Amino acid sequence: MRSDPSDYEMLAPGSLRAIVSLLASEPGAWLPIAGGTDVMVQYAAGKLPARQLVSIWNLPELRRIEITDDEIRIGAGCTYTDLRRHEVVGREFPLLTRAARWTGGIANQNRGTLGGNIVNASPAADSLPALLVCDAELILVSARGERRLPYATFHTGYKKTLLALDELIQTVCLPRRFSEYFSHARKVGARNAQAISKVSIAALGRSAAGAVEDVRIALGSVAPVPLRLTETERSLRGKRIDPELMSLARKSVAAEIQPIDDIRSNARYRETVAGNLVIEFLNRLSQEWATTASNTVHAVLARWNRLPVDEAMKAILPCCGSKAWAQGTSALRPLKDQAAVLAVSDEICKTLTHSDWMEAFNSHPRIGESQPSHSPQIHSWQTQSVEWSAQEQGKVSDADADVKRALADANQEYELRFGRTFIVCATGKSAPEILALLRRRLQNDPETEFKEAAEQQRQITRIRLRKWLQG
């Protein structure tokens, strides 16, 4: 049944102060209305329960977009058109502007507001996954003052929020720390725009050497609220993007979401699509890294190939520590790509003498220490080597005191037996794993152990060359 307009009352006080005073005078009696894109749909269907409406449309306090050093503050009354047209928002938060383009047609984008999308609290809303992955915070305002809270805590259940009856969302705050992340968004629906999504994704990622450094993923239409996949994110960080990780991601996504059957789709379809969307994001993240890494390698090599021999040697010396290796590798320039650099390094390693290897070994700190044990002072070229050693031994610093003491004792025993620092490719290895390797190698005869140490140094050199080429 069509509603009778005479049943409704609408006020437009014209200022934020007057509006919050009105809300405070009769909490819950007045429904704020901005663009009205959701309210008018309910009205036309005869399903709008509120009879007293207060207009918050076009209030200056709610239409500002302010840029500070740390964050972008978007007024809750800003429209999707405002978001699409703002240069800084578009550059630093492309997920949000992409969602703005998806939200209805041009007329809806000219009227619909970001605050209205949040308060409407639909799990299928286009902009909400983007706010989740960007760690948005909300400033709520009432006659009692302002309060700020993480957007991630705002939705408490289907169509339920932490907004009090006398409050409005005044500002959406976005921290300016994700501009270097790869961003990905997709909406699966009957159409990209003017259709409610069956499943949607907003994701940010950063990768290095083909592995996930950080990842942030949110989905729409798969739970009673817009959902951040925190457990899936945790399971992906630090792992190489490969088929095994894809399988793990799909299982983790299925365990986190709570899809339902409804008029637009069914739960099984949503689960399958949600997994596909996350895998698509990981594939694109991997491709983005590969493209960026390739461009970086090309730039680093182009610059290095032009250097005089002594400067070229100095540039790569931290990767191995042997001057003979650095000289031999530099002499074979120009090298065209990473594969050529690694191949030349391996060939030069085959020509190194006992003293060359010892020079390389002595450039390393003991496991668990920060400075080369055979260098009374750090040379300029060793600064990078020491930094890489700290990264490679990252898991050792987390070991308990007993393991660290055992490592120190085993290091001392090794040096007494073989007369040099214990060399191991520590990348990705825990302190107990390294301790077990050290104890096993203490059983080697001197010749066998020297060969094993040289092989470990070759592996370390390859890892460091890749880091160097990545700039």
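Residues numbered from 1 in each chain as written. Predicted model: local features only at pLDDT ≥ 70, side-chain atom pairs only at ≥ 80, totals over all residues. Heavy atoms only, no water.

Section: helix α13 (residues 323-331)
- Regarding α13, the residues found buried are W325, A326, G328, T329 and S330.
- Against the buried residues of α13 lie α11 (267-305), α12 (309-316), α14 (338-349) and α19 (446-469).
- Between the side-chain oxygen of the N-cap and the backbone nitrogen of A324 there are 3.4 Å, and the N-cap of α13 in question is S322. (Buried < 20%, exposed > 50% of the residue type's maximum accessible area, 1.4 Å probe, protein only. Helix = DSSP H or I, 4+ residues; strand = E, 2+ residues; numbered from the N terminus. Contact = heavy atoms within 4.5 Å. Polar contact = N/O pair within 3.5 Å; in protein donor to acceptor, adjacent residues only side chain to side chain.)

Some details on the environment of A324
- Inspection of the secondary structure assignment puts A324 in helix α13.
- With relative accessibility at 28%, the residue A324 sits in the partly exposed group.
- When the C-alpha atoms of A324 and L236 are compared, they prove to be 40 Å apart, with 88 residues separating the residues in sequence.

Observations concerning the sheet that holds strand β7 (residues 145-150)
- Ordered in space as β4-β5-β10-β6-β7, the five strands form an open sheet in which the pairing is antiparallel. The strands lining the two open edges of the sheet, one partner per strand, are β4 (65-67) and β7. Strand-to-strand twist in this sheet, taken as the mean axis angle between neighbours without regard to direction, amounts to 20°.
- Alignment of strand β5 (residues 71-75) against strand β10 (residues 168-175), held across five bridges, turns out to be antiparallel. Paired with E71 across the strands is P175, a residue of β10. (Pairing = 2+ DSSP bridges. Axes fitted to C-alpha atoms, helices over the stretch in contact; angles between N-to-C directions.)

Section: the pattern of salt bridges
- Here the structure, examined in full by the defined rule, presents 31 salt bridges.
- Its salt-bridge partner being R177, residue D135 comes within 2.8 Å of it at the nearest N-O pair. One end of the pair, D135, is in the loop between α8 (128-133) and β6 (137-142); the other, R177, is in the loop between β10 and β11 (182-188), with 42 residues separating them in the sequence.
- Assessed through its relative accessible area of 47%, R177 is described here as partly exposed.
- When the shortest N-O distance is used, the salt bridge between K350 and E347 registers 3.1 Å.
- By relative accessible area, K350 is classed as exposed at 64%.
- Accessibility expressed as a relative area gives 44% for E347, which makes it partly exposed.
- A single salt-bridge network, built from bridges that share partners, covers D135, R177, D214, R216, R228, E233 and R237. (Salt bridge = Lys/Arg side-chain N within 4 Å of Asp/Glu carboxyl O.)

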